[in-house]
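Each chain, letter by letter, is given below.
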Amino acid sequence: MKKTAAVLLIVSALLLSACSKESKFGVEQFAQRMNSLFDAGYSTSEFMLGEDADSGKYLMCEKDSGTVILMIDSDSELTGVSLLITDESKAQAALREFLEMCCVLTDNDETSQSTVLSNCGITADSIKFTDGNSLTTVGKYKYTVIRNSASVTLFCERV
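Just so it is clear, the structure is predicted and the values come from calculations on it, not from any experiment.

Participant: Explanation requested: the packing of helix H2 (residues 27–38) against helix H3 (residues 91–106) in the structure shown.
Facilitator: Each pair of packed helices can be described by the angle between their axes along with the distance between the axes. Relative to each other, H2 and H3 sit at 120°, their axes nearing to 10 Å. Crossing of H2 over H3 shows right-handed handedness. Across from Phe 30, Arg 33, Met 34, Leu 37 and Phe 38 in H2, the residues of H3 making contact are Arg 96, Glu 100, Met 101, Cys 103 and Val 104. In terms of residue class, the contact of H2 with H3 is made up of 7 nonpolar, no polar and 3 charged.

Participant: Would you take a moment to explain the environment of Ala 40 for this structure?
Facilitator: Tracing the backbone shows Ala 40 in the loop between H2 and strand S1 (48–51). Classification of Ala 40 by relative accessible area gives partly exposed; the value is 23%. Setting aside residues up to four positions removed in sequence, Ala 40 forms contacts with Met 34, Asn 35 and Lys 63.

Participant: How should I be thinking about the pairing of strand S4 (residues 78–85) in this particular structure?
Facilitator: Within a regular strand, the side chains alternate between the two sheet faces. Among the 8 residues of S4, 6 are classified as buried, and the element is accordingly described as predominantly covered. Alignment of strand S3 (residues 66–72) against S4, held across 6 bridges, turns out to be antiparallel. Within the sheet, the bridge partner assigned to Ile 69 lies in S4 and is Ser 82. Here S3 folds back onto S4, and the loop between the two strands holds 5 residues, one of which, Ser 76, carries a positive phi near 60°. Sheet topology note: the S4/strand S7 (residues 152–158) ladder contains 6 bridges and is antiparallel. Within the sheet, the bridge partner assigned to Leu 83 lies in S7 and is Leu 154.

Calculation rules
- Residues numbered from 1 in each chain as written.
- Predicted model: local features only at pLDDT ≥ 70, side-chain atom pairs only at ≥ 80, totals over all residues.
- Heavy atoms only, no water.
- Axes fitted to C-alpha atoms, helices over the stretch in contact; angles between N-to-C directions.
- Helix = DSSP H or I, 4+ residues; strand = E, 2+ residues; numbered from the N terminus.
- Left-handed = near helix turned anticlockwise from the far one by under 90°.
- Contact = heavy atoms within 4.5 Å.
- Nonpolar A, V, L, I, M, F, W, Y, C, P; charged D, E, K, R; others polar.
- Buried < 20%, exposed > 50% of the residue type's maximum accessible area, 1.4 Å probe, protein only.
- Pairing = 2+ DSSP bridges.

Printed below as a string of structure tokens:
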């Protein structure tokens, strides 16, 4: 009887863990989730690997709305997403894409994520090509906006 109970407990634990989404994932899973949830047309082959001055690694690709940047850790798992906007006429589409990217990273639905972005001051009205910065932490994510006359960069990173 004890053996049967132990086997059932182990099988249950394995099945329950298989049903949850992993909290950390790579670019392939990011692209798959963006495509399945939002029909975004992402391909892992579009992303180029880069390294910043502090040896931090990132992946980037050009999309219609701007430059998508995925920050990755040493295990190639996503730690953050970013969108660089250089065309003011595409700001609305870029904000939509950033919302979708944040949904995938944070595992929030669109309504919840839209509320979070609004509460952080990341709205269509705030995407102005003027100097200014803002940083807000919500739960385990940090939202940053960096603005200047040439571009607006939106960040969502795990803290």
